[in-house]
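Survey of secondary and tertiary structure
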Amino acid sequence: MSELAQALEQLVDSNIFIAVEGTVSKRLIIIGGNKRVQIDLSSDRSQLAEQLGEIDFYINDPNKVLIGWDLKNLFSHVGNVLGLKYDLDSNLLDLKVLECFFGVFEKAPESFKTAQSRLVSIMQDANWDKLKYIYKNIYLPLITSVIPDIENAGIIHTKNRLKLNSYYEILGQVNGRSKCSKFSDKSFNPHSINESDRELFRPAGFDEIFMYIDFNHQEVSMLQWLSDDPELGKNLATGQDLYNTIWRDITTLEPTPDSRRICKGIFLPVIFGQGAKSLSKRLGIPFDVANKLITKIQNKYSVALEYVAKQIVKDDGYALDHYGKKRFFGEQDYRIRNFVIQSPASTVCLHKLVMLHREIKDARIAMHVHDGYIFYVRPSDCRKVYNLSKDILESDDDNLYPNLKLKISCEIGKNLNDMKPIN
């Protein structure tokens with residue numbers, strides 16, 4: 001019997017807390033009762049396979065609740081070394097993700113008792129039922145397969161002749177989006193690719209090109225859905241570009257590409273509370289023009305503004321979004337205006353990511369960037385992948401976002417600086 005097996009055998013009758021430490025090298029901490037086992041996960045295929053076999057034999061039990069911490073890194077490491085999806089039969093609850101949802105940002109617990117106590121606290125929250133559904137349908141697949149597959153898809157840097165991998169921290173941003181980091185010379189940050197790298201990056205697979213799909217005016221669509229603003233609803237019902245229809249509403253002028261850009265730079269900032277002075281300075285337009293545009297927006301879309309204005313920070317300094325996600329704002333009430341729109345929008349984006357990963361078989365998801373998705377796809381499969389993606393991304397969901405109206409756009413290209421709309 002190996003040293004690892006001897007240590008794990010002491011935990012066989014215990015409920016388990018298992019944490020992953022590290023981004024490059026991975027260390028597994030397994031705690032059961034008063035016993036603690038520490039394992040440096042191997043990067044050798046045969047040694048890692050042996051480690052996983054022993055872990056499965058001694059602690060992987062579908063009748064146990066497995067409390068985890070940052071377990072996405074375990075699944076990603078296994079995928080990177082073995083090229084396989086690692087299945088844990090236990091009822092897996094990642095405490096880090098659950099706590100992040102409710103705005104709790106603590107270090108990993110040092111004992112099973114502490115982990116259990118913190119999990120019980122989460123389960124006693126008034127919004128636990130909402131989180132339980134979202135966790136099962138969004139965060140759990142993100143942890144076990146979606147994000148690990150994206151992190152291991154990689155991208156080729158043609159100048160450095162390297163395959164680079166991404167790194168995502170689920171719920172790492174205030175609004176609930178994932179946070180990306182560059183942690184080594186063999187990694188890249190999908191959220192901050194510079195101009196030269198965009199030219200030099202290529203898909204990691206043979207005979208593949210990039211396909212970039214993103215939502216058009218997603219946050220404004222979310223605002224309409226959340227507030228049920230009738231004027232925004234009319235604009236969406238036309239099927240035309242939303243910013244163009246808003247421009248007509250507030251100016252009575254026909255839109256141009258330049259006016260659409262201006263409208264996009266005005267509308268949400270005004271909804272989020274920006275005043276005429278800062279708006280005129282930021283856009284380089286006269287103060288009186290900025291003031292008139294703000295008044296037009298306030299009058300025309302009063303229902304949407306009223307919805308945002310009613311969102312308040314609670315007595316404990318926390319605010320809640322539509323799905324029960326919680327963030328601390330203290331006395332900074334103005335920040336909640338962004339949060340109540342951007343946060344539920346991020347939940348929808350992540351749910352769509354899970355659906356794309358499950359349904360798209362003729363392409364690989366290479367990156368998830370804010371409200372966009374970048375695929376590796378063969379040229380011959382572009383139309384098929386686009387059509388299926390469009391169906392997935394523009395559909396509503398009876399449980400999470402019934403009657404939400406969304407629209408997408410799509411570009412393809414051999415490098416990220418030369419993307420063209422799909423024909």
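Reference entry: report on the structure contained in this document. What you see is a predicted model, and the numbers here were worked out from it, not measured in a lab.

**Things to note about unusual backbone geometry**
- Non-glycine residue His217 carries a positive phi angle of around 40°.
- Following the sequence through the fold, His217 ends up in the loop between β11 (209-216) and α8 (218-227).
- For Thr252, which is not glycine, the phi torsion reads 65° and is therefore positive.
- The topology assignment puts Thr252 in the loop between α10 (242-251) and α11 (257-271).

**A closer look at helix α12 (residues 276-283)**
- Considered for burial, the residues of α12 that qualify are Ala276, Leu279 and Ser280. Buried residues of α12 fall within an arc of 95° about the axis and therefore sit on the same side. Of the exposed residues in α12, the ones pointing more than 90 degrees away from its buried face are Lys277 and Lys281.
- Gly284 lies just past α12 and shows a positive phi near 70°.

**Some details on the sheet that holds strand β10 (residues 201-202)**
- Pairing is antiparallel across the open sheet formed by 3 strands, whose spatial order is β7-β6-β10. At either margin of the open sheet sits one strand with a lone partner, and together these are β7 (162-164) and β10.
- Sheet topology places strand β6 (residues 155-157) next to β10; 2 bridges connect them, and they run antiparallel. Among the inter-strand pairings, His157 is bridged to a residue of β10, identified as Phe201.

**With respect to the pattern of salt bridges**
- What the rule picks out here adds up to 23 salt bridges.
- For Asp87, the salt bridge goes to Lys85, with nearest N and O atoms at 3.0 Å.
- What makes Asp87 partly exposed here is its relative accessible area of 46%.
- Notably, a salt bridge pairs Glu254 with Arg248, separated by 3.3 Å at the nearest N-O pair.

Cut-offs and rules
- Residues numbered from 1 in each chain as written.
- Predicted model: local features only at pLDDT ≥ 70, side-chain atom pairs only at ≥ 80, totals over all residues.
- Heavy atoms only, no water.
- Helix = DSSP H or I, 4+ residues; strand = E, 2+ residues; numbered from the N terminus.
- Buried < 20%, exposed > 50% of the residue type's maximum accessible area, 1.4 Å probe, protein only.
- Arc of directions from axis to C-beta.
- Pairing = 2+ DSSP bridges.
- Salt bridge = Lys/Arg side-chain N within 4 Å of Asp/Glu carboxyl O.

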